[in-house]
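# Structural overview for review
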Amino acid sequence: MSHVEDELTSQPECWTRVAADAAGHGGALPAPGERVAIVGCGTSYFMAQAAAALREGAGQGETDAFAASEFPHGRSYDRVLALTRSGTTTEVLDLLGRMKGRTRTTAVTADPGTPVMSAADDVVVLDYADERSVVQTRFATTALTLLRAHLGLHTDAVVADARTALSQPLPEGLVDCTQFTFLGRGWTVGLANEAGLKMREASLSWTEAYPAMEYRHGPISITTHGTATWMLGRAPEGLADQVRATGGLWVDGGLDPLAELVRAQRLAVAVAAARGLDPDQPRHLTRSVILIP
């Protein structure tokens, strides 16, 4: 079993633990009414997109998401929340350094032995969700579960759905598809982006991701026999029938969207195996991007 496969199967346990601990981290996480920016790189940026939409949708305050390298320094925030598994990513550390003494910062990380521990004002360490693999799975979803629980949006049903996602077979014919499109709405747009990234990283697949209502505005033109369109969350009315009419495979995300992301992670590993690739050795990637001045 690859590291990434071993780690992705541990997600229900990680989510249960972080949800139980969420109240204890409340002082380090955004308070209701704060104007917040959530930042990250790669997978963490996509989790930031999901978390920002959840928080603002829950009425907790205006919340934006940015890639750390694209943070708009002309804007004012009450808190900047950084998601960083490694705690060493250059863009995140640079941003936290610029915020020091100006804006309250929080980092959620997996490694307490890294520079982010002193770079941020507050730190939440999820060391039990750390990973040996380059390809992120459990840290990202555990960090998002922490924020969902902090907002009162996590339930035991989410964990149950994750166990279902791990135990049920993938849809027939999905592994053989040559192209994969992931769709989301609201907070699940970030999850769709992450699902596409997992497929690219682990299996070198041709993948795309869009807000579901945007799919009709051009992207559906690539859909045909041998392609798959996967909806994370509730689909817009009529979209499934439109995809099926093209001959493409429609995958209906009936589980909690975060559990659907677990299914997409499994697909990435399965496609890698079918293509003779090692998901623990993704091409051109390292666990953390550290830039030398």
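Structure: see above.
In short, a report on the structure. Predicted, not measured: the structure shown is a model, and the values here were computed from it.

Cut-offs and rules
Residues numbered from 1 in each chain as written. Predicted model: local features only at pLDDT ≥ 70, side-chain atom pairs only at ≥ 80, totals over all residues. Heavy atoms only, no water. Helix = DSSP H or I, 4+ residues; strand = E, 2+ residues; numbered from the N terminus. Rg over C-alpha atoms; globule rule 2.2 N^0.38 Å. Buried < 20%, exposed > 50% of the residue type's maximum accessible area, 1.4 Å probe, protein only. Lys, Arg positive; Asp, Glu negative; His and termini not counted. Charge placed at Lys NZ, Arg CZ, Asp CG, Glu CD. Phe/Tyr/Trp six-rings, centres within 6.5 Å; stacked < 30°, edge-to-face > 60°. Lys NZ or Arg CZ within 6 Å of the ring centre and 35° of its normal. Pairing = 2+ DSSP bridges. Axes fitted to C-alpha atoms, helices over the stretch in contact; angles between N-to-C directions. Contact = heavy atoms within 4.5 Å.

Moving on, we get to the overall build of the protein chain. Across its full length, the protein chain holds ten helices and nine strands. Here the C-alpha atoms of the protein chain give a radius of gyration of 18 Å, agreeing with the 19 Å that 2.2 N^0.38 yields for 293 residues. Based on the C-alpha atoms only, the size of the protein chain along its principal axes is roughly 55 × 40 × 40 Å. Scored against the burial criterion, the 293 residues of the protein chain give a buried share of 56%. Side-chain charges of the protein chain comprise 25 positive and 34 negative groups, with the mean position of each set lying 3 Å from the other.

Let us look at unusual backbone geometry. The phi angle of most residues is negative, glycine excepted, and most peptide bonds adopt the trans form. Within the chain, Leu-204 stands out as a residue other than glycine whose phi angle is a positive 55 degrees. Tracing the sequence through the fold places Leu-204 in the loop between α8 (188-203) and β7 (206-211).

So, on to the packing of aromatic side chains. All told, the structure shown has five aromatic pairs when counted by the stated rule. Their ring planes at 70 degrees and their centres at 6.4 Å tell us that Phe-66 and Tyr-77 sit as a pair that is edge-to-face. You can see Phe-66 sitting in strand β2 (residues 63-67) and its partner Tyr-77 sitting in the loop between β2 and β3 (79-84), a full eleven residues away along the chain. Per residue, the accessibility class of Phe-66 equals that of Tyr-77, and both read buried. Pairing Phe-182 with Trp-230 gives two aromatic rings, centres 5.7 Å apart and planes at 35 degrees, and the pair type is tilted. Taken together, the residues span a long stretch of sequence, with Phe-182 in strand β6 (residues 179-184) and Trp-230 in strand β8 (residues 227-231) at a distance of 48 residues. Look at Phe-182 and you get buried, because its relative accessible area is 1%. Of the aromatic side chains, those joined through ring pairs into one cluster are Phe-66, Phe-71 and Tyr-77. The aromatic ring of Tyr-77 is capped on one face by Arg-35, whose charged end is 4.6 Å from the ring centroid.

Sheet strands pair via backbone hydrogen bonds, and the direction of the pair is either parallel or antiparallel. In spatial order, the strands read β7-β6-β8-β9; together these four strands make up an open sheet with parallel pairing. The sheet terminates laterally at β7 and β9 (249-252), the two strands that pair on one side only. Neighbour to neighbour, the strand axes of the sheet diverge by 20 degrees on average, direction disregarded. Sheet analysis places β8 next to β9, joined by four bridges and oriented parallel. Looking at β9, one finds that Thr-229 is bridged to Trp-250. Most of the contacts of α8 go to β6, to which it runs at about 160 degrees, and overall it touches β6 and β7. Against the sheet, helix α10 (residues 257-274) contacts β6, β8 and β9, and its axis sits at roughly 155 degrees relative to β8.

A few words now on the side chain of His-154. Within the element layout of this structure, His-154 appears in the loop between α6 (138-150) and α7 (156-167). His-154 has contacts with Trp-15, Ala-19, Thr-145, Arg-148, Ala-149 and Val-159, leaving out every residue within four places of it along the chain.

The five strands are arranged β2-β1-β3-β4-β5 in an open sheet whose pairing can be described as parallel. Each end of this open sheet is capped by a strand with a single partner; those strands are β2 and β5 (122-125). Neighbour to neighbour, the strand axes of the sheet diverge by 20 degrees on average, direction disregarded. Here six bridges tie β3 to strand β4 (residues 104-109), and the two strands are oriented parallel to one another. Looking at the pairing, Leu-81 lines up with Thr-106 of β4. Sheet strands touched by helix α4 (residues 90-99): β1 (36-40), β3 and β4. Its angle to β3, the strand with the most contacts, is close to 160 degrees. Running over the sheet, α6 touches β3, β4 and β5 and is turned about 135 degrees from β4.

Remember that the coordinates give geometry; whether it matters functionally is a separate question.
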